[in-house]
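Here is how the chains run, residue by residue.
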Amino acid sequence: MTPILSNNYYINFQEESYLKLNEFIASNTPSKIFIMVDENTHEHCLPILMEALETSINIEIIEIESGEENKNLDTCSGVWHALTELGADRKSLMINLGGGVITDLGGFVASCFKRGIAFVNIPTTLLSMVDASVGGKTGVDLGVLKNQIGLFSDPEMVLIDTRYLETVTEREICSGLAEIIKYGLSYDIKIWDEINSFKKFNIKNISTLIHRSIEIKNEVVTEDPKENGLRKVLNFGHTLGHAIESYFLESENKEKLTHGEAIAIGMITETYISEKLLNFPIEKLNEIKQLLVKIYGKTIIKKSDYNPIIELLIHDKKNVSGSVNFVLLKDFEKYKFNCKVEKDLLIEALDYYNS
Ligand code: NAD
């Protein structure tokens, strides 16, 4: 698969990506290499990376605990201390080997340590491959506020090796698939058509979709790095989706949804709103609902859940001056930014999802 050029770094694929990494290490001769993992990527992914690395430079492993709840400043502080004790200097290289939590936190840790050391991202979940690893956003959560602390900072390179996906659970794979579907509906309908034609998903039939998704994300973020315009297209399905994700996370009596499961509900409800406000074709709306419900199942959202979800929507960090802005679709690939939606229509959209 062809490498993709981002701002000033490459996203490399499969075996060739390790050749590039080894070349990079040989020509930059870092003083030490630090590989950041969590307990799962330590067990499942590190052996693959260690076998591919060809260097005599000293390698240290730094392990953090997995999970979004550890994506915070306390963990960063622990990693900064570990780097200091292990003798990291400004010529050290950090390799972030993991899902979005590791690449977000690792990128942030590296960018702040001694005012910035070089880092490489090796995403190991589908979500982190098609979304988190590209675009330069690094950071951590502050209490319940997601990604509240962070900075834009680019890696030296990104390596995509789909072998890592073999140990990712099917539920996590489906979570990442929602982002691929989002690119399909809002940007490149061929992706949607391909997913629609799948009898069963497997790593082989999604590897070209991974490449195309990264191409799209890269195209969007290089044109609009700071989200002043085009980058907003990436928020399709995420406005209601994020509110639903947070609501299920915060409610004690509800089972936590994956990011993708929440975004799937967001895409169904936001397409419904698109049909009402922008005449999105109704037969395509029904097609979207049918496939997404087939993949993600139907989540129970009670009438009593509607108000708290809408409250959370109003507090979404992407809102400007208290007004909720949606990205809606006039048709497949035809998006419209900054659409205002009344509360009654939000309720109707949740009713449509439940129907
Ligand atoms: P994650 O990093 O928490 O990984 C999910 C789980 O899978 C973890 O338990 C992890 O240990 C495990 N895992 C990872 N790779 C594995 C492998 N190959 N085999 C077995 N287990 C493995 O979650 P995620 O879904 O990858 O990423 C979510 C994070 O990404 C969120 O914090 C989100 O904010 C962030 N994100 C960032 C951006 C961005 O632009 N920077 C975009 C989207 C999401």
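Below is a summary of the structure that appears in this document. The numbering scheme is per chain: residues are counted from 1 as the chain's sequence reads. Whole-chain, interface and lining totals are the exception, using all residues; otherwise, since this is a predicted model, local features are given only for residues with pLDDT of at least 70 and side-chain atom pairs are given and counted only at 80 or more. Here the side-chain values reflect all heavy atoms present in the structure, with hydrogen atoms and water set aside.

Describing helix α7 (residues 170-186)
Going by this rule: Only DSSP runs of H or I reaching four residues or more are called helices, and only runs of E reaching two or more are called strands; each is numbered from the N terminus. Expected helix span is taken as 1.5 Å per residue step, with the number of steps being one fewer than the number of residues. Exposure categories follow from relative accessible area, calculated using a 1.4 Å probe and restricted to protein chains: below 20% of the type maximum is buried, above 50% is exposed, and the middle band is partly exposed.
For α7, built from 17 residues, the straight-helix expectation of 24 Å at 1.5 Å per residue is met to within 8% by its first-to-last C-alpha distance of 24 Å. Extensive coverage of α7 is indicated by the burial of 14 of its 17 residues.

Looking at a negative patch on the surface
Put simply, the rule is: The patch calculation keeps residues exceeding 30% relative accessible area without a salt bridge and links them within 9 Å when they carry like charges or within 5 Å when they are nonpolar (Val, Leu, Ile, Met, Phe, Trp, Tyr). All accessibility values rest on the Shrake-Rupley procedure with a 1.4 Å probe; residue burial counts only the protein chains present in the view. A side-chain nitrogen of Lys or Arg and a carboxyl oxygen of Asp or Glu constitute a salt bridge if their distance falls within 4 Å. Positive residues here are Lys and Arg, negative ones are Asp and Glu, while His and the chain termini are left out of the count. One atom stands in for each charge, and that atom is NZ of Lys, CZ of Arg, CG of Asp or CD of Glu.
Residues Glu39, Glu63, Glu65 and Glu69 make up a contiguous surface patch of negative charge. Here glutamate 65 is to be found in the loop between β4 (59-64) and α4 (73-85). Overall, the relative accessible area of 58% leaves glutamate 65 in the exposed class.

A few points about the site of the ligand
Applied cut-off: We call a residue near a molecule or strand whenever a single non-hydrogen atom of that residue lies within 4 Å of it. Polar contacts, as used here, are pairs of N or O atoms within 3.5 Å; protein pairs need one atom able to donate a hydrogen and one able to accept it. Residues neighboring in sequence count only if both atoms are side-chain atoms. Amino acids outside the nonpolar list (Ala, Val, Leu, Ile, Met, Phe, Trp, Tyr, Cys, Pro) and the charged list (Asp, Glu, Lys, Arg) are all regarded as polar, and Gly is one of them.
The full set close to the ligand counts 24 residues, and Asp38, Glu68, Thr124, Thr125 and Thr167 are the nearest of them. A distance of 2.7 Å separates an oxygen atom of the ligand from a polar atom in the side chain of aspartate 38. One of the side-chain N or O atoms of lysine 217 is found 3.5 Å from an oxygen atom in the ligand. For the ligand, whose free accessible area comes to 870 Å², the fraction covered by protein is 85%. Split by residue class, the shell around the ligand holds six nonpolar, ten polar and eight charged.

Thoughts on the pattern of salt bridges
Overall, the coordinates contain 18 salt bridges when judged by the stated rule. Here lysine 71 and glutamate 68 are joined by a salt bridge, their closest N and O atoms 3.9 Å apart. By relative accessible area, which is 30% here, glutamate 68 ends up partly exposed. Measuring nitrogen to oxygen at the nearest pair gives 2.8 Å for the salt bridge that ties aspartate 331 to lysine 284. In this pair, aspartate 331 sits in strand β10 (residues 326-331) while lysine 284 sits in helix α12 (residues 282-296), placing the two residues 47 residues apart along the sequence. One network of salt bridges, with partners in common, ties together Glu68, Lys71, Asp104 and Lys146.

A word on the nonpolar core
For the record, the criterion: Throughout, nonpolar core names a set of buried Ala, Val, Leu, Ile, Met, Phe, Trp, Tyr and Cys residues whose side chains join them through atoms within 4.5 Å. Contacts are assigned to residue pairs with any non-hydrogen atoms lying within 4.5 Å of each other.
Counting residues in each nonpolar core, the largest one holds 99 residues, and the members touching the most others are Leu21, Leu49, Ile181 and Phe326. With nine residues, helix α11 (residues 259-278) is the largest single contributor of residues to this core. Those residues in contact with isoleucine 181 that lie beyond four places of it in its chain are Trp192, Ile195, Met267, Leu292, Ile295 and Tyr296. Counting 19 residues, the second-largest nonpolar core is a separate cluster that includes Cys76, Ile102, Ile117 and Val140.

What about the packing of aromatic side chains?
Note the threshold: Any Phe, Tyr or Trp ring, taking Trp's six-membered ring, that has another such ring centre within 6.5 Å forms a pair; planes under 30 degrees apart are called stacked, those over 60 apart edge-to-face, and the others tilted. Only Lys NZ and Arg CZ are tested; either one counts as a charge over a ring when it is within 6 Å of the ring centre and within 35 degrees of the ring normal.
One pass over the full model with this rule turns up five aromatic pairs. Ring geometry for tryptophan 80 and phenylalanine 108: centres 6.1 Å apart, planes at 55°, overall tilted. Highlighted residues: tryptophan 80 in helix α4 and phenylalanine 108 in helix α5 (residues 100-112), separated in sequence by 28 residues. Tryptophan 80 sits in the partly exposed class, given a relative accessible area of 23%. We classify phenylalanine 108 as buried; its relative accessible area is 5%. Positioned above the aromatic ring of tyrosine 352, the side-chain terminus of lysine 289 is 4.4 Å from the ring centre. Positioned above the aromatic ring of tyrosine 353, the side-chain terminus of lysine 298 is 5.6 Å from the ring centre.

Here's the deal with the sheet that holds strand β1 (residues 4-5)
Backbone-to-backbone hydrogen bonds join strands into a sheet, with any given pair of strands oriented parallel or antiparallel. This is how it is decided: Here, a strand pair is defined by DSSP locating no fewer than two bridges between the strands.
On the basis of which strands lie adjacent, the open sheet formed by seven strands has the order β1-β2-β9-β6-β5-β3-β4 and mixed pairing. Because the sheet does not close on itself, it has two edges, and the strands there are β1 and β4. Bridge analysis of strand β3 (residues 33-38) against β4 gives six bridges, and the strand direction is parallel. Counterpart to methionine 36 in the pairing with β4 is isoleucine 62.

A word on the packing of helix α10 (residues 238-250) against α11
Definition in use: Convention adopted: a line fitted to C-alpha atoms gives each axis, helices being fitted over their contacting stretch, and angles between N-to-C directions are expressed from 0 to 180 degrees. To sort the angles, those under 35 degrees are grouped as roughly parallel, those over 145 as roughly antiparallel, those from 65 to 115 as roughly perpendicular, and the leftovers as oblique. Should the near helix be turned anticlockwise from the far one by less than a right angle, the crossing is left-handed, and should it be turned clockwise, the crossing is right-handed.
Where α10 contacts α11, the axes come no closer than 7 Å and their chain directions differ by 135°. Regarding the angle of α10 to α11, the classification is oblique. Pair α10 / α11 crosses with right-handed handedness. Within the contact between the two elements, α10 uses His238, Thr239, Leu240, Gly241, His242, Ile244 and Glu245 and α11 uses His259, Ala262, Ile263, Ile265, Gly266, Thr269, Glu270 and Ile273. Across the contact of α10 with α11, the residue classes tally to six nonpolar, seven polar and two charged.

Re unusual backbone geometry
One non-glycine residue, glutamine 14, lies in positive phi territory at about 50°. Take glutamine 14: it is sitting in helix α1 (residues 14-28). For glutamine 14, a relative accessible area of 19% gives the class buried. Unusually for a residue other than glycine, asparagine 279 sits at a positive phi of about 60°. Accessibility expressed as a relative area gives 65% for asparagine 279, which makes it exposed.

Geometric descriptors of this kind do not, in isolation, establish any biological role.
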